[in-house]
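Read off the chains here:
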Amino acid sequence: MTIKRMILISTFAALLVLSALSPVQIEGVAFTLQTMAIMLIGLLMRPRDSFLTVLVYLFVGLVGLPVFSNAQAGFHVFVGPTGGFLVAFPFASFLISLFKSKDKNILKDILVLFLFGFLFVYLVGIPYFSFITTIPIGHAITLTFIPFYLVDIVKIVIAYMIYYLIPDDLKSHFGSIK
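All values reported here derive from a predicted model rather than from experimental measurement.

Calculation notes
Residues numbered from 1 in each chain as written. Predicted model: local features only at pLDDT ≥ 70, side-chain atom pairs only at ≥ 80, totals over all residues. Heavy atoms only, no water. Helix = DSSP H or I, 4+ residues; strand = E, 2+ residues; numbered from the N terminus. Rg over C-alpha atoms; globule rule 2.2 N^0.38 Å. Buried < 20%, exposed > 50% of the residue type's maximum accessible area, 1.4 Å probe, protein only. Contact = heavy atoms within 4.5 Å. Core = buried A, V, L, I, M, F, W, Y, C linked by side-chain atoms within 4.5 Å. Axes fitted to C-alpha atoms, helices over the stretch in contact; angles between N-to-C directions. Parallel < 35°, antiparallel > 145°, perpendicular 65-115°, else oblique. Left-handed = near helix turned anticlockwise from the far one by under 90°. 1 Å grid on protein atoms, 1.4 Å probe; cavity = no way out; pocket = protein on both sides within 12 Å on 5 of 7 lines; lining within 4 Å. Points joined across faces, edges and corners; volume = space filled by probe spheres on them. Nonpolar A, V, L, I, M, F, W, Y, C, P; charged D, E, K, R; others polar.

**Q** So what exactly am I meant to see when it comes to the overall build of the protein here?
**A** Secondary structure assignment for the protein yields nine helices and two strands. Walking the protein from its N terminus toward its C terminus, one meets helices and strands in the order α-β-β-α-α-α-α-α-α-α-α. Taken over C-alpha atoms, the radius of gyration comes to 16 Å for the protein, in line with the 16 Å a tight globule of 178 residues would show. In terms of principal-axis extent, the alpha carbons of the protein reach across some 50 × 35 × 25 Å. A total of 178 residues make up the protein; the buried ones form 44% of that total. Sequence separation of at least 24 residues holds for 67% of the intrachain contacts in the protein that already meet a minimum separation of 6.

See the structure below:
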């Protein structure tokens, strides 16, 4: 692995930390920008590097640095109610990176973000939440999806706008352009 790749992976992992530790309050519900960062990592990096970036973030939190939302850290976060969302993140970024268009096709890219940055994350996270908390799946959806889905759809649009507006020559430094 080159120094450049290690720096990029570390930089994007740091971006992910910032996105988790900077909650936005909307009508009493705290939202982080984690899912948007996951989408950007997938859009801007190669599949392997996007996966490694999120793994670095998860490992840093696993060993005890408070990098998860609400400044949490440790193994208990992974086996707690939101652990399924964390487990989904590296796969979501990998799949986004793997299936994104090579030519900024807005329809394909928005679909990829919706499928992997939104649906996939919820399809892993909600059943895990239900299992860990022993709450019925319908109630788990009410708690983990209903308050967040509209903001997450907005995050898809914002992530794509950021990606679209970054010049291709700059993106080539991230490894997303071959």
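**Q** Help me out: how do you make sense of the nonpolar core in this one?
**A** Soluble globular proteins tend to bury their nonpolar side chains together. If you look at the biggest cluster of nonpolar residues, it comprises 45 residues, and the most contacted ones within it are Tyr57, Phe68 and Leu86. Secondary structure elements with two or more residues in this core: α1 (3-20), α2 (34-44), α3 (47-62), α4 (75-78), α5 (83-99), α6 (106-133) and α8 (149-165). Once you skip the residues sitting within four places of it in the chain, Phe68 turns out to touch Ala20, Leu21, Tyr57, Leu58, Gly61, Leu62, Ala73, Gly74, Val77, Phe78 and Leu86.

**Q** Just to check I follow, could you spell out the packing of α6 against helix α7 (residues 137-144) for this structure?
**A** Packed helices, taken two at a time, are described by their axes: the angle between them and the distance between them. In the contact formed by α6 and α7, the axes pass within 9 Å of each other and the chain directions differ by 120 degrees. By the angle between their directions, the pair α6 and α7 is classed as oblique. Between α6 and α7 the crossing geometry is right-handed. Here α6 contributes Tyr122, Ile126, Pro127, Phe129 and Ser130 to the contact with α7, which in turn contributes Ile137, Ala140, Ile141, Leu143 and Thr144.

**Q** I tried to follow the layout of surface pockets on my own but got confused; where do I start?
**A** Over the atoms rolls a probe the size of a water molecule, and its path tells where empty space is left. Of the voids in this model, the largest pocket is the one considered here, and its volume is about 660 Å³. What lines the largest pocket is a set of 26 residues, and nearest its centre among them are Gln34, Ser69, Thr82, Phe85 and Phe148. Among the secondary structure elements, those contributing two or more residues to the lining of the largest pocket are β2 (29-31), α2, α4, α5, α6, α7 and α8. For the lining of the largest pocket, a count of residues per class yields 14 nonpolar, 10 polar and two charged.

**Q** Can you help me understand the side chain of Ser101 in this one?
**A** With respect to the element layout, Ser101 can be found in the loop between α5 and α6. Owing to a relative accessible area of 4%, Ser101 belongs among the buried residues under this scheme. Setting aside residues up to four positions removed in sequence, Ser101 forms contacts with Lys108, Asp109 and Tyr163.

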